[in-house]
Amino acid sequence: MREDMAKYRRMSRVRPQSFRDLETPPHWAAYDDGLELLGRQEAGQALPRLEKALQESLAQMESCRAGCEGPEEQQREEEEEEGAGSQGGLYETIAGHWIRVLQCRQRCVGDTATRPGRSFPVPDFLPSQLRRLHEAHAQVGNLSQAMENVLSVLLFYPEDEAAKKALNQYQAQLGEPRPGLGPREDIRRFILRSLGEKRHLYYAMEHLGASFKDPDPWTPAAVIPEALREKLREDQEKRPWDHEPPQPKPLTHWKDVLLLEGVTLTQDARQLNGSERVVLDGLLTPAECGVLLQLAKVRRPGSRWDRRAGAGAGPPFHRPLLSRPSFPGLQLAQAGSVGSQGAKLLLEVSERVRTLTQAYFSPERPLHLSFTHLVCRSAIEGEQDQRMDLSHPVHADNCVLDPDTGDCWRAGLLYLNDDFHGGDLFFTEPNALTVTAQVRPRCGRLVAFSSGGENPHGVWAVTRGRRCALALWHTWAPEHREQEWTEAKELLKEPGEEEEEEEEEEMPSRDPSPEPPSRRLPRVQDKAGKPPRVREEL
């Protein structure tokens, strides 16, 4: 339905007033409108929308909080999940009920900050709105309102350097002190009430065995009992890369770690108008693309991976070449449908992509291949002119792949051909409507990006021909590593390779990371008989 809505919005002579959105809450609609106006440098027009977004967010939280005091029988399941079920006598029952109400009220922050259809809330939703407001007011010269909002940010984060710098700047521009100027009253009341509830909940955690997951990163340490601080700190530090991913290295560093002769950096994040995204060319020779395309044409009995790219084809979603637990191409090679060369190349190419993605995005921490599949999309029959539908709807991969843990995955799309019409990859703003960058597939082109809300993307409909690509996901978490890749590597070994590996293991190495298996797997020669390109070592 979201794809259809986006299609209608792109049609000519269709205006926003033609739609009545019954799904998106008012605070999200106003927030997105404000961000879009800010993106067009129209701060004056954005301010009323941003102010409405903040007021509607607070109103939405009040409505959510009111629903937390329903009858006990309607809340039994939530009580069991939170560990606040009734037990013991009257006083224990009263305490359990009050704990449940407070837990529910605190969850309203995350509920309000979660977009419809998404699995996770936007972090620091209220402080981020206040930052937008004070910056927009400053742009149009409303320094008193800018100060009011930046002082409100400092209620959440008293040591925020950017906010303190902005406050000093506004005070200097105003010239004279304004005794009555302070933070917003609605934000001050919100924080005081929230801190009071948190104190009760942390007391219940410490003395009554209740559970509580604080939704706010701004909670002062003084509110948390000292006995709980260490445990909460340990929980936060178990997987620090989920919260603070390393920043991509500059282009000069990338040139230093270039691993494969002939690979070129075509577009970086700045040229793609976003963050954590890159386009690399030259990962495959035409001969290698031909081998993988031939592999995609082979049909294993019972499998179905060729998607019809357009409306009427059922829900559009990525579909693997072979269902797990088999690495793509492995069963085909075992059954004799394709030669081992094709399956081995698929194995080697996936490692090639992983190594290059790690070199560009994460040189200090190893990436692990988490999932691989080969997918093709073909044009539907019938009229193709003026088509506005999508072959793959706009989405952010982490919401699809791992909604429970929220792991920061990295995705890569390696294209195998360009002899088709349509089918371009595109990135959008968070509203899934404004296209910010577009990439045309071609043989050997890799598009790599972080699989998070910062990179919503989709695919235009294929209007003629057949579009094939190898889609891969990577993760920092070794427990999510694709075990089938290792199994495929073992099963596809040539006689004598094991002895060679054993000899290599005896030799000392200064590099503690495992060496890619592709070192012994040269590229396929093209028709001109050119020598294979050699991988350099990381």
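The rules behind each value
- Residues numbered from 1 in each chain as written.
- Predicted model: local features only at pLDDT ≥ 70, side-chain atom pairs only at ≥ 80, totals over all residues.
- Heavy atoms only, no water.
- UniProt positions renumbered as here; feature names shortened; annotations may be inferred.
- Helix = DSSP H or I, 4+ residues; strand = E, 2+ residues; numbered from the N terminus.
- Buried < 20%, exposed > 50% of the residue type's maximum accessible area, 1.4 Å probe, protein only.
- Contact = heavy atoms within 4.5 Å.
- Areas by Shrake-Rupley, 256 points an atom, 1.4 Å probe, with all protein chains shown as cover.
- Salt bridge = Lys/Arg side-chain N within 4 Å of Asp/Glu carboxyl O.
- Disulfide = S-S within 2.5 Å.
- Pairing = 2+ DSSP bridges.
- Core = buried A, V, L, I, M, F, W, Y, C linked by side-chain atoms within 4.5 Å.

An unreviewed UniProt entry lists the protein chain under the name procollagen-proline 3-dioxygenase, with Ursus maritimus as the source organism. Recorded in UniProt for the protein chain, the comment headed Catalytic activity (unreviewed entry) runs: "L-prolyl-[collagen] + 2-oxoglutarate + O2 = trans-3-hydroxy-L-prolyl-[collagen] + succinate + CO2". Entered under Sequence similarities (unreviewed entry) in the UniProt record, the comment concerning the protein chain runs "Belongs to the leprecan family."

**Student:** Whenever I open this one, the overall build of the protein chain confuses me. Can you help?
**Tutor:** Along its length, the protein chain carries 17 helices and 13 strands. Expressed as a percentage of its 538 residues, the buried residues of the protein chain come to 46%. Across the protein chain, every contact between residues at least 6 apart in sequence was considered, and the portion connecting residues at least 24 apart equals 74%. Just so you have it, the protein chain exposes about 28,500 Å², and 51% of that area is on carbon and sulfur atoms.

**Student:** Help me understand the pattern of salt bridges, please; the structure alone is not making it clear to me.
**Tutor:** Charged atoms that come close allow side chains of opposite charge to pair. According to the stated counting rule, one finds 22 salt bridges in the structure shown. One salt bridge in this structure joins R131 and D160, with 3.2 Å as the shortest N-O distance. Within this pair, whereas R131 is found in helix α6 (residues 125-139), its partner D160 is found in the loop between α7 (143-156) and α8 (161-174), the two being separated by 29 residues in sequence. With relative accessibility at 25%, the residue R131 sits in the partly exposed group. Relative accessible area serves as the criterion here: at 17%, D160 is assigned to the buried category. Each of the salt bridges in this network shares a partner with another, and the network as a whole consists of R65, E69, R105 and E197.

**Student:** Help me out: how do you make sense of the state of the cysteines in this one?
**Tutor:** Joining two cysteines, a disulfide is a covalent bond between their sulfur atoms. Under the criterion given, the structure shown has four disulfides. Between C289 and C443 runs a disulfide, and the two sulfur atoms are separated by 2.0 Å. In this structure, the disulfide formed by C289 and C443 twists by about 95 degrees around the S-S bond and is classed as right-handed. A residue pair is termed long-range when its members are at least 10 positions apart, and C289 in helix α12 (residues 286-297) and C443 in the loop between β9 (435-439) and β10 (446-451) qualify at 154 residues.

**Student:** How should I be thinking about the pairing of strand β4 (residues 368-379) in this particular structure?
**Tutor:** Looking along a regular strand, one sees side chains alternate from face to face of the sheet. The element β4 is extensively covered by neighbouring structure, given that twelve of its twelve residues are classed as buried. Where β4 lies against strand β13 (residues 466-475), ten bridges are found, and the strand directions are antiparallel. In the sheet register, L374 faces β13, and the bridge partner there is L470.

**Student:** Could you clarify how one ought to interpret the environment of K164 in this entry?
**Tutor:** Tracing the chain through its elements places K164 in helix α8. For the pair K164 and L151, spaced 13 residues apart in sequence, the C-alpha to C-alpha distance is 8.6 Å. Not counting the four nearest positions on each side in its chain, K164 is found in contact with L154, P158 and E159.

**Student:** What should I look at first to understand the nonpolar core in this one?
**Tutor:** The tendency in soluble globular proteins is for nonpolar side chains to be buried as a group. One finds L50, L126, F156, Y170, F190, I191 and Y202 to be the most contacted residues of the largest nonpolar core, which totals 49 residues. Of all elements in the fold, only α2 (26-39), α3 (43-66), α5 (90-112), α6, α7, α8 and α9 (185-208) reach the threshold of two or more residues within this core. Judged by nonpolar contacts, the second largest core, of 30 residues, contains L280, L369, L446 and A488.

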